[in-house]
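# Working through the structure, step by step
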Amino acid sequence: DIQLTQSPSSLSASVGDRVTITCRASQSIRSYLNWYQQKPGKAPKLLISAASSLQTGVPSRFSGGGSGTDFTLTISSLQPEDFATYYCQQSYSSPLFGGGTKVQIK
Amino acid sequence: QLQLQESGSGLVKPSQTLSLTCAVSGASISSGGYTWSWIRQPPGKGLEWIGYIYPSGTTSYYPSLNSRVTISLDRSKNQFSLKLTSVTAADTAVYFCARGHDFGGHPFDYWGQGTLVTVSS
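Only a predicted model underlies this, so the values are computations on that prediction, with no experimental measurement involved. (Residues numbered from 1 in each chain as written. Chains lettered and ligands numbered in written order. Predicted model: local features only at pLDDT ≥ 70, side-chain atom pairs only at ≥ 80, totals over all residues. Heavy atoms only, no water.)

## A short note on the overall build of chain B
- Looking only at helices and strands, chain B features 0 helices and 11 strands.
- Reading the helices (α) and strands (β) of chain B from amino to carboxyl end gives β-β-β-β-β-β-β-β-β-β-β.
- Taken over the C-alpha trace, chain B has a radius of gyration of 14 Å; the compact-globule value for 121 residues is 14 Å, and the two agree within 12%.
- The dimensions of chain B, computed from C-alpha atoms along their principal axes, are 40 × 25 × 25 Å. (Helix = DSSP H or I, 4+ residues; strand = E, 2+ residues; numbered from the N terminus. Rg over C-alpha atoms; globule rule 2.2 N^0.38 Å.)

Following this line, the structure appears as structure tokens:
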């Protein structure tokens, strides 16, 4: 079974900071990796699909990269509305989510 | 605009069956290229995919839940449903329904708001 490991599990950052979250798969999943943002009490929101394809309406400060086993989600300049939990998800095999990364205010 | 709305019992007794329905508006669940999923999130924890159903009725379930899960379609009502048998406290979670794209990566682009199901006597 494919495992997904997100790191860090949480981070503290300030408005304007550049933030990078990593998702590592236990075997190659090509580019079959998606990223979501979830705020408390809300459903997850799809940000990026196929590793790097930004969804319509998602700010360009979000970007995704990687292929194979190592992937990143980068927020180039953190905004107040970006404080949330972020999840990666693969479907190379059955859909599976990473453990999440909580981005908190420093 | 596509919308999904979960409904069902919010409290289920241990060993009984959890039943939820997801009403879909703004698109037909019979349209090709998509799947219809259930995903859950225990309080304070991460997301767990439960399973999905294709418009054809073909299903795929998370292996550890496979023996207890059934997802079905009701095309006349444009909705799909989840049944989870023999529930325990570990099945307490917010349950989301979602639409997935049936191509590599299977992104879930539309979600319901979620409904909390508590398993307790």
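Having seen the model, we can carry on.
## Considering the interface of chain A and chain B
- With 15 residues of chain A at the contact, the number on the chain B side is 17 residues.
- Contact between chain A and chain B buries roughly 1,400 Å² in total, counting both sides, with carbon and sulfur atoms accounting for 68%.
- The tally of links from chain A across to chain B stands at 4 residue pairs in polar contact (both at pLDDT 80 or more).
- Sorting the residues of the side of chain A that touches chain B by element identifies strand 4 (33-38), strand 5 (45-49) and strand 9 (85-90) of chain A as the ones contributing at least two each.
- Broken down by element, the side of chain A that touches chain B gets its largest block of residues, 3 residues, from strand 4 of chain A.
- Partitioned by chemical class, the residues of the side of chain A that touches chain B number 8 nonpolar, 6 polar and 1 charged. (Contact = heavy atoms within 4.5 Å. Buried area = accessible area lost by both parts, 1.4 Å probe. Polar contact = N/O pair within 3.5 Å; in protein donor to acceptor, adjacent residues only side chain to side chain. Nonpolar A, V, L, I, M, F, W, Y, C, P; charged D, E, K, R; others polar.)

## Focus: the sheet that holds strand 8 (residues 79-84) of chain B
Residues and elements named next belong to chain B.
- Strand order in this open sheet of 4 strands is 1-3-8-7, and the pairing throughout is antiparallel. Edge strands, defined here as strands with exactly one partner in the open sheet, are strand 1 (3-8) and strand 7 (69-74). Taken pair by pair, the neighbouring strands of this sheet meet at an average axis angle of 20°, ignoring direction.
- Bridge count for strand 1 against strand 3 (residues 18-25) is 6 bridges, and the pairing is antiparallel. Directly across from Q5, in strand 3, lies its bridge partner A23. (Pairing = 2+ DSSP bridges. Axes fitted to C-alpha atoms, helices over the stretch in contact; angles between N-to-C directions.)

## Digging into the side chain of T35(B)
Residues and elements named next belong to chain B.
- Among the secondary structure elements, T35 is positioned in strand 4 (residues 34-41).
- A polar contact of 2.5 Å, which involves the side chain of T35, links it to the side chain of H106.
- Those residues in contact with T35 that sit more than four places away from it in its chain are Y52, I53, Y54, A98, R99, G100, D102 and H106.

## Things to note about the environment of V15(A)
Residues and elements named next belong to chain A.
- Looking at the secondary structure, you find V15 in the loop between strand 2 (10-13) and strand 3 (19-25).
- Note: C-alpha distance between V15 and I105 (90 residues apart in sequence) is 7.8 Å.
- Setting aside anything within four residues of it in sequence, one finds V15 in contact with L78, P80 and F83.

Geometric values such as these leave the question of function open.
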